[in-house]
Amino acid sequence: MEAYRAKEIADSPDMITVSYFGVPVFIEHVNLGAGTARIHSLDRPDEEQTVPVEVLEEEFNDEFDTPFI
C-alpha cells in the first residue's frame, strides 16, 4: 500500500479493512515522511506497532463481483 492511501484510510470515518500479513488491523497514524504506519490488530487494540506501509494490504469486498447478465 502507498503511504498516501494508508493516510486516507486512517483519516476516514469509514471502516476500511486492512491487513498486516493476513491479520486485520486498524491504522492509528501514518508517517508520510518515513513511510510507516502505527497499527494494532483488531483483536488486540492495546498492542501497537510501527510497520512499513508497503506491507499493509487493503482488503476489498468481493460481494459485487457477480457477472452482469
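Nothing here was measured: the structure is a model prediction, and the numbers come from that model. For every chain, the first residue of its written sequence is number 1, and the numbers climb from 1 along that sequence. The model is predicted, so local features are restricted to residues of pLDDT at least 70 and side-chain atom pairs to those at 80 or more, both for listing and for counting; the totals for chains, interfaces and linings are taken over all residues. As a rule here, side-chain values cover all heavy atoms of the structure and leave hydrogens and water aside.

1. Re the environment of valine 51
Right, so step 1: In this structure, valine 51 sits in strand S4 (residues 44–52).
Right, so step 2: Think of it in three bands: residues with accessible area under 20% of the maximum for their type are buried, residues over 50% are exposed, and the middle band is partly exposed, with areas taken using a 1.4 Å probe on protein chains only. By relative accessible area, valine 51 is classed as buried at 2%.
Right, so step 3: If we skip the residues at most four places from it in the chain, valine 51 touches Tyr20, Gly35, Thr36, Ala37, Ile39 and Leu56. The helix and strand labels rest on DSSP assignments: H or I over at least four residues marks a helix, E over at least two residues marks a strand, and numbering proceeds from the N terminus. Contacts are residue-level and defined by heavy atoms, with any inter-residue pair within 4.5 Å sufficient.

2. Side note on the environment of alanine 6
Right, so step 1: In this fold, alanine 6 is placed in helix H1 (residues 3–11).
Right, so step 2: Put simply, alanine 6 and leucine 56 are 50 residues apart on the chain and 8.3 Å apart in space, counted from C-alpha to C-alpha.
Right, so step 3: Setting aside residues up to four positions removed in sequence, alanine 6 forms contacts with Met1, Ile27, Val30 and Val53.

3. Some details on the nonpolar core
Nonpolar side chains in soluble globular proteins generally cluster together in the buried interior.
Right, so step 1: Only buried Ala, Val, Leu, Ile, Met, Phe, Trp, Tyr and Cys residues count toward a nonpolar core, and they belong to the same one when joined by side-chain atoms within 4.5 Å. Val18, Ile27, Val30, Ala37, Ile39, Val53 and Leu56 are the most contacted members of the largest nonpolar core, which has 13 residues in total.
Right, so step 2: Broken down by secondary-structure element, the contributors of at least two residues to this core are H1, strand S2 (23–31) and strand S3 (36–41).
Right, so step 3: Discounting residues that sit within four places of it in the chain, valine 18 has contacts with Met1, Ile9, Val23, Pro24, Val25, Ile27, Leu56, Glu57 and Glu58.

4. Quick notes on the side chain of glutamate 58
Right, so step 1: Inspection of the secondary structure assignment puts glutamate 58 in strand S5 (residues 56–58).
Right, so step 2: Within the structure, the side chain of glutamate 58 is placed 2.7 Å from the side chain of arginine 5, a separation counted as a polar contact.
Right, so step 3: Leave out the neighbours within four places in its chain, and glutamate 58 touches Met1, Arg5, Ile9, Ile16, Thr17 and Val18. Counted as a polar contact is a pair of N or O atoms within 3.5 Å, where, for protein atoms, one must be capable of donating a hydrogen and the other of accepting one, and residues adjacent in sequence contribute only when both atoms are in side chains.

5. A look at the pairing of S4
Right, so step 1: A pair of strands is labelled paired if DSSP reports no fewer than 2 bridges between them. Two strands pair when backbone bridges link them, and S3 and S4 are joined in this way by 6 bridges, in the antiparallel orientation. Across the sheet, the residue bridging to isoleucine 39 is glutamine 49, located in S4.
Right, so step 2: Hairpin connection from S3 to S4: 2 residues lie between these consecutive antiparallel strands.

These results come straight from atomic positions and should not be treated as a statement about function.
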